[in-house]
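Working through the structure, step by step
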Amino acid sequence: MRRLKLRRPRLPRTRAGWRRLVQGVALACVLALLPATWLWVATADRLRTLQDAPRTDVAVVFGAGLWDGEPSPYLAHRLDAAATLYREGRVKVVLVTGDNSRKDYDEPDAMRVYLAKHGVPRARVVTDYAGFDTWDSCVRAKKIFGVGRAVLISQKFHIRRAVALCEAAGVDSYGVGVDEAHNATWYYGGTREVFAAGKAALDVAIHPDPQFLGPKETGVARALASGSN
């Protein structure tokens with residue numbers, strides 16, 4: 001059996017060849033960064049701090065993983081911000097959206113329990129069990145839960161993509177980016193966003209259906225109609 005030999009890439013031998021190679025690499029880098037640049041430009045006037053977040057009926061918190069069934073530190077920080085907005089009367093309902101694709105992994109219920117421990121009544125927390133990615137969460141917030149305007153809560157490296165996608169899905173959105181220490185997780189998240197921006201641009205262009213859509217739910221409307229805080 002003959003062994004397949006891999007050829008080493010041939011490098012240019014002339015100055016003109018090297019020039020074309022450098023130009024090609026530069027063009028590839030520019031094209032790769034275009035979606036990320038679009039996110040920065042498209043959301044420039046939509047970002048707020050926790051202190052100046054607009055008053056609105058709904059806050060949306062995106063899932064960020066569980067550790068032994070409890071919200072990961074990043075997710076806990078998102079939930080802390082949502083609880084603060086609720087306690088200050090700046091939002092009335094918190095929609096928590098995350099992954100519950102298997103029985104032993106339930107982000108939304110873990111998020112609801114955490115919020116209940118931090119001053120948000122369970123009746124004021126609505127769970128979306130099919131928020132498998134940011135686009136799915138945004139589309140479902142609009143089409144399934146009837147959210148027309150919301151404050152979105154996530155880490156700063158993710159919030160621009162969340163706002164852009166929810167705006168594209170028809171939700172008038174403002175984003176609150178939670179501060180984090182610049183550790184390995186933060187750098188991983190920031191790097192991941194460069195690549196995720198490309199998928200975001202594609203989602204906005206073709207508007208794919210979520211992995212699971214399902215029937216409309218009245219949880220947000222019921223929570224808003226259930227009385228005062």
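Conventions and cut-offs
- Residues numbered from 1 in each chain as written.
- Predicted model: local features only at pLDDT ≥ 70, side-chain atom pairs only at ≥ 80, totals over all residues.
- Heavy atoms only, no water.
- Salt bridge = Lys/Arg side-chain N within 4 Å of Asp/Glu carboxyl O.
- Helix = DSSP H or I, 4+ residues; strand = E, 2+ residues; numbered from the N terminus.
- Buried < 20%, exposed > 50% of the residue type's maximum accessible area, 1.4 Å probe, protein only.
- Phe/Tyr/Trp six-rings, centres within 6.5 Å; stacked < 30°, edge-to-face > 60°.
- Lys NZ or Arg CZ within 6 Å of the ring centre and 35° of its normal.
- Disulfide = S-S within 2.5 Å.
- Expected span 1.5 Å × (residues − 1).

Quick look at the pattern of salt bridges
- Counting across every chain of the model gives 9 salt bridges.
- Across the salt bridge formed by R46 and D172, the nearest N and O atoms sit 2.6 Å from each other. Here R46 is found in the loop between α1 (15-42) and β1 (47-48), whereas its partner D172 is found in strand β8 (residues 172-178), with 126 residues between them in sequence.
- A relative accessible area of 25% means that D172 is categorised as partly exposed.
- A salt bridge links K156 to D179, with the nearest nitrogen and oxygen atoms 2.6 Å apart. Remark: D179 occurs in the loop between β8 and α6 (184-206) and K156 occurs in helix α5 (residues 156-168); sequence separation between them is 23 residues.
- Three or more residues joined by partner-sharing salt bridges are found here, namely R46, R149, E167 and D172.

Regarding the packing of aromatic side chains
- Per the counting criterion, the structure on display carries 1 aromatic pair.
- Measuring from centroid to centroid gives 6.1 Å for Y74 and F157, while their planes differ by 35°, and the two rings are tilted. With Y74 in helix α2 (residues 73-87) and F157 in helix α5, this pair connects stretches of sequence that are 83 residues apart. Accessibility assignment for this pair places Y74 and F157 in one class, buried.
- When the ring centre of Y174 is taken as origin, the NZ or CZ atom of R46, which lies over that ring, is 4.6 Å away.

Observations regarding the state of the cysteines
- Across all of its chains, the model carries 1 disulfide by this definition.
- Paired through a disulfide, C138 and C166 show a sulfur-sulfur distance of 2.2 Å. Disulfide C138 to C166: torsion about the S-S bond roughly -80°, handedness left-handed. Of the two residues, C138 is situated in helix α4 (residues 134-143) and C166 in helix α5; the sequence distance between them amounts to 28 residues. Across the pair, C166 and C138 agree in class, each one buried.

Some details on α5
- Taking 1.5 Å as the rise per residue, α5 with 13 residues should run 18 Å; its terminal C-alpha atoms sit 19 Å apart, in good agreement.
- Burial within α5 is extensive, with 10 of its 13 residues counted as buried.
- Looking only at α5, the buried set comprises F157, H158, I159, R160, R161, A162, V163, A164, L165 and C166.

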